[in-house]
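Next come the chains, spelled out residue by residue.
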Amino acid sequence: MAESVDRDANRALRARFDEVYGDYQRLRSGLDELQDRLADLRVTERSDDGQVTAIAGARGELVSVELHPSVYQDRDAKALSRKITATVHRAGAAAVAATQELVAGYLPAGSGAADFLRTGDFDSLLGRADAALRRGE
């Protein structure tokens, strides 16, 4: 009987290993594609009045700022500065969110890391890790 239990446990462990290894292989094979997509990622945000356009890359870094010629008609430099700053911040935040969604798509479904990238809920991620440790996974 103990031998049967050992075989069943070994089969279960082997099945889990095969599942994890399959997830790893899929992740590994998608890394080149992911790197290309991240390198090409650009997010564009415009101010409400369309006078300022900011483009950000995958890390939220500013790629470019474009000003419509109509910005020169208004001589309020402080207002223009606030408009540029707000537009750049929105572009950076949108780029980071797009990157998180893109990367999460390459992680195994339901993984704590994928959930964390989507929600930013660090407590939930740690809670999952703690639960796994308690179960002995």
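Residues numbered from 1 in each chain as written. Predicted model: local features only at pLDDT ≥ 70, side-chain atom pairs only at ≥ 80, totals over all residues. Heavy atoms only, no water.

- The name that an unreviewed UniProt entry assigns to the protein is Conserved DNA-binding protein YbaB, with the source organism given as Micromonospora peucetia.

Concerning helix α2 (residues 77–104)
One turn of the α-helix equals 3.6 residues, which is why residues spaced by three or four share an orientation.
And step 1. The first and last C-alpha atoms of α2 sit 40 Å apart over 28 residues, in line with the 40 Å expected at 1.5 Å per residue.
And step 2. Considered for burial, the residues of α2 that qualify are T87, A91, G92, A95, T99, L102 and A104.
And step 3. The N-cap of α2, judged by a side-chain oxygen 3.3 Å from the amide nitrogen of K78 a few residues on, is D76. (Helix = DSSP H or I, 4+ residues; strand = E, 2+ residues; numbered from the N terminus. Expected span 1.5 Å × (residues − 1). Buried < 20%, exposed > 50% of the residue type's maximum accessible area, 1.4 Å probe, protein only. Polar contact = N/O pair within 3.5 Å; in protein donor to acceptor, adjacent residues only side chain to side chain.)

Let's talk about the packing of aromatic side chains
And step 1. Enumeration over the complete set of coordinates arrives at 1 aromatic pair.
And step 2. Ring geometry for F17 and Y21: centres 5.9 Å apart, planes at 15 degrees, overall stacked. One end of the pair, F17, and the other, Y21, are both in helix α1 (residues 2–40), 4 residues apart, so they sit about a helical turn from each other. (Phe/Tyr/Trp six-rings, centres within 6.5 Å; stacked < 30°, edge-to-face > 60°.)

Focus: a negative patch on the surface
And step 1. A surface patch of like charges, here negative, comprises D32, E33, D36 and D40.
And step 2. Among the structural elements, E33 can be located in helix α1. (Patch = residues over 30% accessible without salt bridge, like charges linked within 9 Å, V, L, I, M, F, W, Y side chains within 5 Å. Areas by Shrake-Rupley, 256 points an atom, 1.4 Å probe, with all protein chains shown as cover. Salt bridge = Lys/Arg side-chain N within 4 Å of Asp/Glu carboxyl O. Lys, Arg positive; Asp, Glu negative; His and termini not counted. Charge placed at Lys NZ, Arg CZ, Asp CG, Glu CD.)

Things to note about the pattern of salt bridges
And step 1. Going through the model one piece at a time under the given rule, you end up with 4 salt bridges.
And step 2. Its salt-bridge partner being R14, residue D18 comes within 3.4 Å of it at the nearest N-O pair. Pair noted here: D18 and R14 are both in helix α1, with a separation of 4 residues, about one helical turn.
And step 3. For the salt bridge of K83 with D49, the shortest nitrogen-to-oxygen distance reads 2.5 Å. Of this pair, K83 sits in helix α2 while D49 sits in the loop between β1 (42–46) and β2 (52–57); the two residues are 34 residues apart in sequence, bridging distant segments of the chain.
And step 4. The class of K83 is partly exposed, set by a relative accessible area of 22%.

Let's talk about the pairing of β2
And step 1. Buried residues dominate β2, accounting for 6 of its 6 residues.
And step 2. Neither face of β2 is left uncovered, since the one carrying V52, A54 and A56 and the one carrying T53, I55 and G57 both have all their residues buried.
And step 3. As defined by bridge partners, β1 adjoins β2 across 5 bridges and the pair is classed as antiparallel. Paired with R42 across the two strands is G57, which belongs to β2. (Pairing = 2+ DSSP bridges.)

Points about the nonpolar core
And step 1. Residues V43, A54, A56, A91 and A95 constitute the largest nonpolar core, which totals 5 residues.
And step 2. In contact with A56, not counting residues within four places along its chain, are L41, R42, V43, E61, L62, V63, A91, G92 and A95. (Core = buried A, V, L, I, M, F, W, Y, C linked by side-chain atoms within 4.5 Å. Contact = heavy atoms within 4.5 Å.)

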